[in-house]
Amino acid sequence: MSNINKMHNTTPGRIFDVCNHLLLIVLGLVTFLPFVYVMAGSFATEAEIARRSFFIFPETFSLEAYRYIFSTSTFVRSIGVSVFVTVVGTLVSLALTMTMAYPLSRKNLVGRNLLLNLIIFSMVFSGGMVPTYIVVRSLGLLDSLWALILPMAINPFYLIIVKTFFQNLPVELEEAAKIDGCTEIGVFWRIVLPLSKPVIATFTLFYAVFYWNDFFNALLYISDSSKWPVQLLLQQLMMVANVDFGDMDALLAEPPEESLKLAVIVVATLPILVFYPFLQKHFAKGVMLGSVKG
Amino acid sequence: MANIEFEQELTFPVEKKKLTFKQKLRRDKWLYLLLIPGIIYFALFKYLPMWGILMAFQDYSPFLGFWASDWVGFTHFQNFFSNPDFFRLLRNTLILAVYDIIFFFPVPIILSLLINEVRMALFKRTVQTLVYIPHFMSWVIIASISYVFLTTSGGIINDIIAHFTGETVSFLSHPDWFRPMIIGQVIWKEVGWGTVIFLAALANVSSEQYEAAIVDGAGRFRRVWHVTLPALRSTIVILLILRLGNFLDQGFQQIYLMTNSLNREVADVFDTYVYFMGITQGAFSYSTAVGLFKAVVGIILIYGANWFAKKMGQEGLF
Amino acid sequence: MKIFFRKSIITYPLFFSLCFVLLFGCSNEEADTSDEDNTDGETTDISILTTAYTPEPPDESSPAWQALEEYTNTNLDITYVPSSNWDERFNVTLASGDLPSIMLADKTPSFINAVQDGAFWNLTDHLDEYENLSQMNDIVKNNISIEGEIYSIPRSRPLGRNAVTIREDWLENVGLDKPETIDEFYEVLKAFTEEDPDGDGEDNTTGMVVSEYEGPWDIMQTWFGVPNEWGEDENGELVPDFMTDEYREALDFFNKIYEEGLVNEDFAVMDPAKWHDAFVNGEAGVIVDVGDAANRNHKDMVKDDSSLEGSVGLFGAVEGPDGLYNLPTLGYSSMLAISKTSVKTEEELHEVLEFLDKINTEEGQNLVFNGVEGRHYEIEDGEYVPESDQNLVYEYEDLNQILPALPTERYHVEEESELTEQWNELKIKNEDIVVSNPAEPLVSEVYAQHGQQLDDIVNDARIKYIVGQIDEEGLDEAEALWKQSGGDDYIEEINTLYEENQN
C-alpha cells in the first residue's frame with residue numbers, strides 16, 4: 001500500500017487528484033440536485049410549486065402531502081407489497097441465476113452451446129405481452145404476487161454476465177476441492193459462491209431494483225387493488241397528473257396535487273436508494289485472487 | 001484479470017483421455033441438476049409464449065384468438081418497408097442508436113475509472129450513491145425538469161446563455177438539438193447506474209497487481225491502462241455485445257415525452273411508431289412484425305459482434 | 001447467504017408444482033369464465049372491468065358498494081385497472097378471451113375490430129325499453145355508433161365543455177369588456193400583453209398561455225368557421241378541416257398573435273402539466289380549454305391571494321366572420337360495452353341493461369357518486385356536505401367510473417359558487433353553437449392504419465406555421481404530403497362511407 005500512496009503524492013498525481021475530486025463533486029451535485037428539488041417540493045405548498053420553477057428550500061414548510069399519504073393505509077400497504085416482491089423476487093432470481101450460470105460456465109459441458117444460443121435468442125426475440133399473459137393465466141398465477149416474480153425470474157442478460165464471471169474464477173481452487181472429494185454442487189456451494197460476493201452483491205442490487213421499479217406486470221396480472229405495489233400507485237399519480245387537460249375527466253376529483261406526487265416519489269424511491277450504500281461494503285471486499293497463486 | 005489467459009489453457013487432468021458422450025453426461029450429472037430449474041424457467045416463460053411471433057404473419061384479432069385469425073404471410077412486412085415513413089424512422093433510429101453507443105456507452109467506464117482512483121472510502125461511496133440516484137427518477141419527472149431548465153422563456157440555462165450572448169437556444173424545439181438532448185438525458189440518468197457493474201468488476205483487481213505495476217515503475221496513467229482497464233475488458237466486451245442485441249431499441253417514454261411538433265422529423269423512431277400502432281391503434285400483427293424486424297437485426301448484430309470479438313482474441317459470449 | 005439458499009430450497013418445489021399446473025392446467029382456459037346459471041333467480045351476477053383514478057378503489061367491503069348491490073339487486077364484481085395504462089390491459093383482456101359482463105371501452109381500432117368479430121352486444125334495438133338509457137343525446141348517440149349501430153352505453157359528459165377562461169379584473173384594469181368577436185378578442189390579448197393589466201409597472205404578462213397540447217388551436221379555429229374535422233363542401237362532399245379557406249384564415253390569425261408576442265413564446269414545447277400554472281400565477285390572462293378549469297384555477301388563485309376572489313370569468317366562444325361557433329367535446333368519456341362471452345342470452349342482457357339503467361336514477365347516481373348518506377355525506381339544510389376523511393372518500397370515489405350519467409348528472413354537488421353557476425349556464429348555451437363532426441360514426445380502415453401519421457403531418461404543419469417556420473407554401477407541401485401518405489384514400493373512403501351511412 002505504501003507504494004500506492006507514494007504514487008499519489010507526486011505533483012502530477014496531486015493535480016490529477018484535485019481535478020478528479022472536483023469533477024466528481026460537480027457530477028454528484030448535478031445528479032443529486034433534481035432529487036433535492038423533488039424532496040423540497042414534497043414539503044412545499046401547492047402555490048409555491050406553481051410559482052417557483054426550481055427551488056431547494058421551500059419558503060413555507062408543509063407536511064400536508066406526507067400526512068395525506070400516511071392518513072390512508074393504501075401507501076403503507078403498497079410499500080409492504082413492494083418489499084415482499086422485492087425480497088422474495090430477488091432471492092428467487094439470484095438462486096435461479098446462480099445455479100444456471102455455474103454449469104454454463106463449464107466449457108466442457110455437453111449441450112452448453114445449445115443452451116447458450118437459446119438463452120441469447122430469448123433475449124432478443126419474445127412472444128410478447130399477450131402470449132405471456134396466457135401462460136401466466138394458465139399457471140393460475142393471476143392476482144397472485146408470484147405473477148410479479150416468476151415471469152421475470154431470470155434476466156438472460158444478467159445470466160450471461162454471471163456466467164462470464166464464473167468462467168474467470170481460478171480453476172485451481174475448484175480442482176483442489178474436487179480432489180478433496182466434493183461433488184460439483186459442493187464446489188459450487190463451498191468454493192464458488194463465497195468467491196463471488198461482489199457478483200452476488202451486484203446482482204442482488206440489479207434484481208432488487210428491477211423488482212422494486214416494476215409496475216407493468218402488476219398492471220397486467222394483478223386485479224385486486226390491495227395487491228398493487230407502490231410503483232403502480234406512483235405511475236397512476238404521475239400519469240393522471242400528466243394527461244392533457246382537455247382530456248381530463250369532468251367527473252374526476254381534483255387532479256393530484258403536485259406536492260403529493262413529489263412526496264409519493266420520495267416515499268417510493270427512498271427505500272431502494274438506501275439499499276445501495278448498504279451493499280457497497282460487499283463490493284469493496286474483492287476476491288482475494290492472490291491467495292490462489294501462492 | 002490476469003488469470004484469464006492461463007486459466008483457459010488449463011484443462012482438467014481427467015479430460016486428458018477421451019470420454020464418451022455417456023461418460024460426460026454422467027460426470028456432469030450434478031451440473032445438469034443445477035441447470036434444471038433455469039431450463040424450466042426458460043421453457044415456460046420464454047419459449048412457451050414464443051408462438052406470439054407468428055402473429056406477425058397473421059391478421060391477428062385479439063378477440064378471435066390465434067387459431068381463428070387469418071394468415072397473411074409477409075403482408076405486414078411489405079406494408080412496413082413500403083411505408084413512406086420507413087426510411088425516416090430507420091434513419092432516426094439508427095442515428096440515435098449509434099450516438100448511444102459512441103457517446104453513452106464509454107461514459108460509465110470512464111466514470112468508474114475516475115471513481116476507482118479516489119482513495120477516501122467515504123467520498124467514493126458518497127459519489128457512487130449520488131450519481132446513481134437519477135436512475136430512479138421517472139422520465140415524466142426528467143422531462144418536466146428539462147423543460148424548467150431549458151425553455152427559452154425563463155429557463156435557467158437559457159437565462160444564463162442569454163446573459164452572455166444575448167440570444168437563446170431552442171434546445172427543446174430545434175431538430176438539431178434533439179439528439180444531443182436525448183443522449184444528454186440518458187447520460188445523466190444512467191451513467192451512475194452503469195458504473196455499478198464496472199466498479200464490481202474492479203473490486204476483483206487485487207492490490208498486488210497494482211503493487212507489481214508500481215514496482216515495474218508504471219506511472220499512474222500506465223497503471224490504469226495496463227492493470228485497471230484489462231480487468232474491465234471482458235465485462236466491457238460482454239456488455240457491448242449484449243447491448244447490440246437491443247441496438248434498435250430506444251426508450252419509448254423518453255422519446256415520446258421529448259417529441260413535439262417542431263422536432264418530430266428527427267424524433268420519430270421505431271419504438272414510438274410501434275407503440276402507436278400496437279397499443280393505441282391496436283394493430284397487433286403489424287407491431288409484432290416491426291418488433292420481429294428489430295429482433296432479427298439484433299440477433300445478427302449479436303452474433304456478428306461475438307464472432308468479431310473472438311476473432312480479436314476476446315472471450316465473447318460463449 | 002444461508003438465508004438465500006434455504007429460501008431457494010423452498011422455491012424449487014413450488015416451481016415444479018407450477019409446471020404441473022401448466023401441463024394439466026391449459027385445458028381449463030375457458031372453463032372459469034364465471035358460471036352465470038343464476039339459479040337463485042334473485043340477484044344478478046355482474047362483472048365489470050373499468051378504470052381507477054384513485055390509489056385505492058373500493059371493494060366488496062365498502063358500504064357504498066354493498067348499498068349499490070342491494071339497490072340494484074346484483075352481485076357485483078368490479079375489477080379496477082389503473083387508468084395510466086388502461087390501453088394495454090384492455091387489449092390483453094380482449095386477447096385473453098374472458099371478457100367481463102361490462103367492459104369499459106373507447107372507440108379504438110381494437111374495440112371496433114372486436115365489435116366486428118361479434119364480441120359485444122348490439123344494443124340499438126334494446127335501449128328504448130329503458131327509461132334512462134333511452135334518453136341519450138342524439139349527437140352523442142351518433143358519436144358512439146359504429147357503422148350506424150350502437151354497441152355501448154356512453155359515460156356522458158357535457159358537449160359544450162370548451163370555453164375561454166379570462167381574468168375579469170384585468171379586463172377592468174385595461175378598460176375592456178368581455179370580447180364578443182375575434183377582433184375584440186385580439187384587442188384583449190394585446191391589451192393584456194402590452195398595457196400592464198396587473199398594474200405592477202412591469203412588462204411581465206402575456207395575453208394567452210398555450211402549451212404543447214393542441215386543443216386550444218382546435219377550439220379557436222372553430223370560431224373562424226373551420227369544420228370539426230370534416231365539413232361538407234358545396235357539392236355535399238366531405239373535406240377535411242384543414243383544406244378549407246377558413247382554416248388558412250385562422251392560421252394567419254394565430255401566426256399574427258404569436259408574432260406579436262400575445263401568446264407565450266415557448267408554447268410548442270411547454271409541459272402541459274405547467275400550462276395552467278401560468279394563468280394561476282398571473283403571467284397570462286386568457287386560457288382556452290375546458291370550462292371547468294376556470295373553477296379549479298380560481299380556487300388555486302384564491303388559496304394563495306384572497307384578494308383575487310371573483311377575478312376569473314368565462315365565456316363560450318367569440319363570433320367569427322360567419323357566425324358564432326364552438327367546438328364540442330365528444331359528449332362522452334369512454335363507453336360501457338356488454339360482452340357476449342359473459343352475457344350469453346337476451347335475458348341476461350336485459351338484466352345487465354336494467355342494472356345500467358337503474359344506477360342512473362337519482363338514488364343510483366347518489367350511491368355511485370356520493371356514497372351512502374350518513375356515512376359519506378350529510379344533507380344539512382338541503383345542502384350536500386361530504387365527509388372529508390380520505391379513507392371514507394376512497395370507499396366510493398371510483399364507483400363513479402361505471403356511471404353513464406344518462407340523461408343528466410343527478411348526483412349531489414356542493415353548494416355552487418358564482419363561477420360554477422356561470423359555467424353551468426354556459427354549458428347549455430354552448431350546445432346551441434357546437435359544430436358536430438359528420439364523420440364521427442364512420443369507421444375508416446385507412447385511418448386505423450395511418451391515422452397517427454396523417455394527424456401528425458397536419459398538426460406539425462399548423463404549429464410550424466404559427467411560429468413562422470413555414471409559410472403558405474409549406475402548408476401546401478404538408479397538404480400534398482398528407483394526401484400522398486394515405487390522405488387521398490382516406491377522403492375517398494370517408495365519402496363512400498358517409499354516403500352509405502346516410503341512405
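Within each chain, residue numbers correspond to sequence positions counted from 1 in written order. All chains are assigned letters beginning with A, and all ligands numbers beginning with 1, in the order in which they are written. Confidence filtering applies because this is a predicted model: local features only for residues at pLDDT of at least 70, side-chain atom pairs given and counted only at 80 or more, and all residues used for totals across whole chains, interfaces and linings. The side-chain quantities take in all heavy atoms of the structure and omit both hydrogens and water.

Participant: Give a detailed account of the nonpolar core, specifying residues and quantitative values.
Facilitator: For soluble globular proteins, nonpolar side chains are generally found buried alongside one another. Put simply, a nonpolar core is a bunch of buried Ala, Val, Leu, Ile, Met, Phe, Trp, Tyr and Cys residues held in one set by side-chain atoms that sit within 4.5 Å of each other. Accessibility here uses a 1.4 Å probe with only protein chains present; expressed as a share of the type maximum, an area under 20% marks a residue as buried, one over 50% as exposed, and anything in between as partly exposed. Among the nonpolar cores identified, the biggest contains 287 residues, and A:F166, A:F203 and C:F120 are the most heavily contacted of them. No other element matches helix α11 (residues 175-202) of chain B, which puts 14 residues into this core. Those residues in contact with A:F203 that sit more than four places away from it in its chain are A:L94, A:Y158, A:I161, A:V162 and B:I197. Residues C:F253, C:Y258, C:V286 and C:I457 belong to the second largest nonpolar core, which totals 61 residues. For helices the rule is a DSSP run of H or I covering at least 4 residues; for strands it is a run of E covering at least 2, with both sets numbered from the N terminus onward. Any two residues whose heavy atoms approach within 4.5 Å at even a single point are treated as in contact.

Participant: I'd like a description of the interface of chain B and chain A, backed by residues and values.
Facilitator: In this complex, chain B contributes 101 residues to the contact, which on the side of chain A involves 109 residues. The quantity reported as buried area is the accessible area (1.4 Å probe) lost by two parts once they are put together, taken as the sum for both. When the buried area of chain B at its contact with chain A is split by residue, B:L34, B:F45 and B:F318 rank highest and sum to 7% of it. Here a salt bridge means any side-chain nitrogen of Lys or Arg lying within 4 Å of a carboxyl oxygen belonging to Asp or Glu. Where chain B touches chain A, the interface holds one salt bridge. For B:R119, the salt bridge identified is with A:D17, shortest N-O distance 3.6 Å. The element contributing the most residues to the side of chain B that touches chain A is helix α3 (residues 29-47) of chain B, with 15 residues. The classification used treats Ala, Val, Leu, Ile, Met, Phe, Trp, Tyr, Cys and Pro as nonpolar, Asp, Glu, Lys and Arg as charged, and all other residues, Gly among them, as polar. Classifying every residue of the side of chain B that touches chain A gives 71 nonpolar, 16 polar and 14 charged.

Participant: Summarise helix α6 (residues 112-124) of chain A; cite the residues concerned and give the values.
Facilitator: The α-helix winds at 3.6 residues per turn, so residues separated by three or four positions along the chain end up facing the same way. Compared with the 18 Å implied by 1.5 Å per residue over 13 residues, the 19 Å span of α6(A) between its first and last C-alpha is a close match. What α6(A) keeps buried is the set A:R112, A:L115, A:L116, A:I119, A:I120, A:S122, A:M123 and A:V124. Considering only its buried residues, α6(A) is in contact with α5 (74-104) and α8 (156-167) of chain A together with α3, α13 (220-245) and α17 (284-311) of chain B. In a helix, the anticipated span is given by 1.5 Å times the number of residues less one.

Participant: Pulling in residues and values, what's your account of the packing of aromatic side chains?
Facilitator: Under the pairing criterion, centres of Phe, Tyr and Trp rings, with the six-membered ring standing for Trp, must be within 6.5 Å; the plane angle then separates stacked pairs below 30 degrees from edge-to-face pairs above 60, leaving the rest tilted. Under the definition given, this model contains 70 aromatic pairs over all chains. Both rings, one in A:Y158 and one in A:F206, keep their centres 5.3 Å apart while their planes meet at 40 degrees; by these two values the pair is tilted. With A:Y158 in helix α8 and A:F206 in helix α11 (residues 197-213), this pair connects stretches of sequence that are 48 residues apart. No difference in accessibility class separates A:Y158 from A:F206, as the two residues are buried. With a centroid separation of 5.4 Å and an interplanar angle of 75 degrees, the aromatic rings of B:F81 and B:F293 are classed as edge-to-face. Within this pair, whereas B:F81 is found in helix α5 (residues 75-82), its partner B:F293 is found in helix α17, the two being separated by 212 residues in sequence. Note on B:F81: relative accessible area 36%, which makes it partly exposed. Using a relative accessible area of 17% as the deciding quantity, one classes B:F293 as buried. Through successive ring pairs, a cluster of aromatic residues spans A:F157, A:Y158, A:F203, A:F206, A:Y207, A:Y276, B:Y132, B:F136 and B:W193. The aromatic ring of C:Y186 is capped on one face by C:K256, whose charged end is 4.3 Å from the ring centroid. Lying across the ring of C:W121, C:K340 places its NZ or CZ 5.6 Å from the centre. Counted as over-ring charges are cases with an Arg CZ or a Lys NZ within 6 Å of the ring centre that also lie within 35 degrees of the ring normal.

Note that every value here comes from positions in space, so none of it alone points to a role or purpose.
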